[in-house]
Amino acid sequence: MRIRFTKMQGAGNDFVVLDATREPLALSTEQLRRLGDRRFGVGADQILVVARSATPGVDFGYRIFNHSGEEVEHCGNGARCFVRYVRDKGLSDKTTLRVETVNNLLELHLQADGRVRVDMNAPVFDLPRVPFHAAGLRPHRVAVKGNGKGLFELWPLNLKGRTVEVAVLSMGNPHAVQLVDDVDAAPVEVQGPLIEHHTSFPKRVNAGFMQIVARDHIRLRVFERGAGETLACGTGACAAVVAGIRLGLLDAVVDVDARGGRLTIEWQGAEDGPGSHVFMTGPAETVFEGEIEL
């Protein structure tokens with residue numbers, strides 16, 4: 001089987017993008033792994049499949065697979081590449097697109113400067129919906145400041161004898177965010193896998209390590225579920241900023257510096273309504289195109 005692909009990246013988070021708008025594309029787990037393999041395939045953090053949507057008012061369907069072959073719910077950096085792809089390929093001439101993922105509906109806007117702004121929807125704090133099993137754990141409750149109300153909980157996770165506190169939420173996929181003094185010195189490779197596979201997260205979790213530089217600036221590293229540490233994680237950037245705002249440490253617009261580049265995250269902190277949605281803006285670029293035999 002020979003297929004065409006486009007290699008893209010957003011802030012260093014890289015993707016193989018496939019066109020399934022003309023005919024269905026059903027790849028096996030092994031074929032997806034081959035595509036994602038950096039030595040024997042094309043190489044990518046994730047594989048994105050662009051498809052038509054049968055839902056009225058929705059422009060495209062959007063499926064996301066880790067390089068390990070498993071399908072996942074959401075990828076913010078991939079969503080930005082999605083917009084650039086369908087525009088560059090002439091699949092749509094719209095600057096604003098509505099696309100559906102396996103569990104979400106996203107609105108994506110291509111700006112005049114070439115960056116893409118994505119409505120990432122509202123964060124989810126309801127623990128069963130993350131999902132997160134809190135049985136037997138006692139949270140550290142922090143008084144919510146700014147636009148929030150009530151208390152925000154940091155949850156203790158035992159990592160082979162060491163306890164870390166994490167903010168738990170979902171941006172369409174599960175995230176555990178911890179504060180660190182120096183993101184460069186953070187034990188991402190050691191703690192990342194332990195947090196990802198912690199028994200409190202039945203569907204595993206993305207582990208974020210956030211250093212606050214100023215109220216409008218953070219540095220971030222993310223150990224992604226099923227992918228390991230990546231150069232950037234869009235949903236991880238959103239989750240980190242939301243957690244920082246709920247803790248009263250960040251303002252409503254924050255620049256997030258990942259190892260692959262900068263993203264800008266906006267959240268007004270509302271519990272519901274338009275102000276509850278998180279917006280992410282950042283770059284998306286084509287790296288190269290080609291064909292591969294699978």
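Provided above is the structure to which this section pertains.
Residues numbered from 1 in each chain as written. Predicted model: local features only at pLDDT ≥ 70, side-chain atom pairs only at ≥ 80, totals over all residues. Heavy atoms only, no water.

Looking now at the overall build of the chain. For the chain, the helix and strand inventory stands at four helices and 19 strands. Taken along its principal axes, the extent of the C-alpha atoms in the chain is 55 × 40 × 30 Å. Expressed as a percentage of the 294 residues in the chain, the buried residues total 55%. Within the chain, contacts between residues at least 6 apart in sequence are counted, and of these 61% link residues at least 24 apart. Surface accessibility of the chain: about 12,700 Å² in total, with carbon and sulfur atoms responsible for 48%. When the 34 basic and 37 acidic side-chain charges of the chain are each reduced to a single mean position, those positions are 2 Å apart. (Helix = DSSP H or I, 4+ residues; strand = E, 2+ residues; numbered from the N terminus. Buried < 20%, exposed > 50% of the residue type's maximum accessible area, 1.4 Å probe, protein only. Contact = heavy atoms within 4.5 Å. Areas by Shrake-Rupley, 256 points an atom, 1.4 Å probe, with all protein chains shown as cover. Lys, Arg positive; Asp, Glu negative; His and termini not counted. Charge placed at Lys NZ, Arg CZ, Asp CG, Glu CD.)

The side chains of a regular strand alternate, residue by residue, between the two faces of the sheet. Of the two faces of strand 6 (residues 96-100), the one lined by Leu97 and Val99 is fully buried and the one lined by Thr96, Arg98 and Glu100 carries no buried residue. Across two bridges, strand 4 (residues 60-66) lies against strand 6 in parallel orientation. Across the sheet, Gly61 pairs through a bridge with Glu100, a residue of strand 6. Sheet topology places strand 6 next to strand 7 (residues 105-110); five bridges connect them, and they run antiparallel. Paired with Val99 across the bridge in strand 7 is Leu106. If you look at the hairpin formed by strand 6 and strand 7, you'll find four residues sitting between the two strands. (Pairing = 2+ DSSP bridges.)

Looking now at helix 1 (residues 29-36). Residues of helix 1 that are buried include every one of Gln31, Leu32, Leu35 and Gly36, and no others. Buried residues of helix 1, viewed axially, fall in a sector of 135°; they line one side. (Arc of directions from axis to C-beta.)

This part covers helix 3 (residues 188-196). When helix 3 is considered as a whole, its buried residues turn out to be Val188, Gln191, Gly192, Ile195 and Glu196. One side of helix 3 holds all its buried residues, which, seen down the axis, span an arc of 130°. In helix 3, those exposed residues whose orientation departs by more than 90 degrees from the buried face are Glu189 and Val190. On its buried side, helix 3 packs onto strand 10 (151-159), strand 11 (162-170), strand 12 (174-179), strand 13 (206-214), strand 14 (217-224) and strand 15 (228-230).

This part is about the side chain of Arg221. Among the secondary structure elements, Arg221 is positioned in strand 14. Within the structure, Arg221 has its side chain in polar contact with the side chain of Glu229 (distance 2.7 Å). Excluding residues within four positions of it along the chain, Arg221 makes contact with Val183, Asp184, Ala186, Val188, Ala207, Gly208, Phe209, Glu229 and Arg259. (Polar contact = N/O pair within 3.5 Å; in protein donor to acceptor, adjacent residues only side chain to side chain.)

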